[in-house]
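Examining the three-dimensional arrangement
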Amino acid sequence: MQRGLFITFEGADGCGKTTQIKLLKEYLEKSGYDVVLTREPGAKGLGEKIREILLNYDGIVSDRCESFLFLADRAQNIDIIVNPAVREGKIVLCDRHIDSTVAYQGYGRGLDLERINKLNQLATDGRMPDLTVVFDIDVETSMKRVGKEKDRMESAGIEFHNRVRKGYLEIAKNDPERVKVVDGAMSVDEVFEKVKEIINKTLQK
Ligand code: TYD
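If you're wondering where the values come from, they're calculated on a predicted model, not measured in any experiment.

1. Re the environment of Ile 91
Mapped onto the elements, Ile 91 comes out in strand 3 (residues 91–95). Ile 91 gets classed as buried once you look at its relative accessible area, which sits at 1%. Between the C-alpha atom of Ile 91 and that of Gln 76, which follows or precedes it by 15 residues, the distance is 18 Å.

What follows is the structure in structure tokens.
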């Protein structure tokens, strides 16, 4: 049986990560790997309900409440989807994970980073991703890609999204072993070449 892997994908809204994850899933499956796709917020089942609240609820949501909802979804994703699949030797590709909370709630909303790291640790039970790919893109391009129909998070404003971007770059700087940055402004094919390079290196380890 192959060794299981937990790989997460991060970046601004509209950075192209969802397209890249789909391409990667096909590529890995063609190479014979067993792949599981998941996302946060919105892991299959209960997570989908939490996602609905997080993205569409139009009443007041406190910053701390928002964080706990993301964390609740994360705990469910780790326990019900990620850990069982990795134990079975599968490769889990996860669209957003711990670094989204650091970038969005920490850098974006300004919540204490140390606290967020502790909460992330509780939510994941200490399980860290084996690899994280961050798609970096400037805020103007990402907002153009998102278009006019913005959800609650995407409507948070340019300044907020600039802080989120800075947050991701800091995360990568502080943990270069785990976190690899790819320029998300390149064409889909060019980005995918980079992604394959990174993944293949991890698979060869
Ligand atoms: P989603 O539609 O999944 O965005 P994308 O397709 O760009 O991944 O929406 C998720 C939104 O939630 C996105 O704006 C980022 C935000 N988010 C947080 O603020 N904190 C978190 O911990 C997570 C997982 C996501």
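Following the structure, the description resumes.
2. Re the side chain of Gln 20
As for its placement among the helices and strands, Gln 20 is situated in helix 1 (residues 17–30). Engagement of the side chain of Gln 20 in a polar contact is seen with the backbone oxygen of Val 188, the distance being 3.1 Å. If we skip the residues at most four places from it in the chain, Gln 20 touches Phe 135, Val 188, Val 191, Phe 192 and Val 195.

3. Structural notes on the packing of aromatic side chains
Inspection of every chain in the model, using the stated rule, returns four aromatic pairs. Ring centres of Phe 9 and Phe 135 lie 6.4 Å apart, and the angle between their planes is 10°; this geometry places the pair in the stacked category. Placement of Phe 9 in strand 1 (residues 5–11) and of Phe 135 in strand 4 (residues 131–136) is noted, with a sequence separation of 126 residues between them. Here Phe 9 falls in the buried class, since its relative accessible area comes to 0%. Ring centres of Tyr 27 and Phe 192 lie 6.0 Å apart, and the angle between their planes is 90°; this geometry places the pair in the edge-to-face category. Of this pair, Tyr 27 sits in helix 1 while Phe 192 sits in helix 8 (residues 188–204); the two residues are 165 residues apart in sequence, bridging distant segments of the chain. Its relative accessible area of 25% is what places Tyr 27 among the partly exposed residues. An aromatic cluster of three or more residues is present, and its members are Tyr 104, Phe 160 and Tyr 168.

4. Some details on the sheet that holds strand 3
Strand order in the open sheet formed by five strands is 2-3-1-4-5, and the pairing between neighbours is parallel. Each end of this open sheet is capped by a strand with a single partner; those strands are strand 2 (35–39) and strand 5 (179–183). Neighbour to neighbour, the strand axes of the sheet diverge by 20° on average, direction disregarded. By the bridge criterion, five bridges tie strand 1 to strand 4 in an arrangement that is parallel. Its bridge partner being in strand 4, Thr 8 is matched across the sheet by Thr 132. Across the sheet, helix 3 (residues 63–87) lies against strand 1, strand 2 and strand 3, angled at about 175° from strand 2, the strand it touches most. Where helix 7 (residues 158–174) meets the sheet, it contacts strand 1, strand 4 and strand 5, and its direction lies at approximately 130° from that of strand 5.

What counts, and at which threshold
Residues numbered from 1 in each chain as written. Predicted model: local features only at pLDDT ≥ 70, side-chain atom pairs only at ≥ 80, totals over all residues. Heavy atoms only, no water. Helix = DSSP H or I, 4+ residues; strand = E, 2+ residues; numbered from the N terminus. Buried < 20%, exposed > 50% of the residue type's maximum accessible area, 1.4 Å probe, protein only. Polar contact = N/O pair within 3.5 Å; in protein donor to acceptor, adjacent residues only side chain to side chain. Contact = heavy atoms within 4.5 Å. Phe/Tyr/Trp six-rings, centres within 6.5 Å; stacked < 30°, edge-to-face > 60°. Pairing = 2+ DSSP bridges. Axes fitted to C-alpha atoms, helices over the stretch in contact; angles between N-to-C directions.

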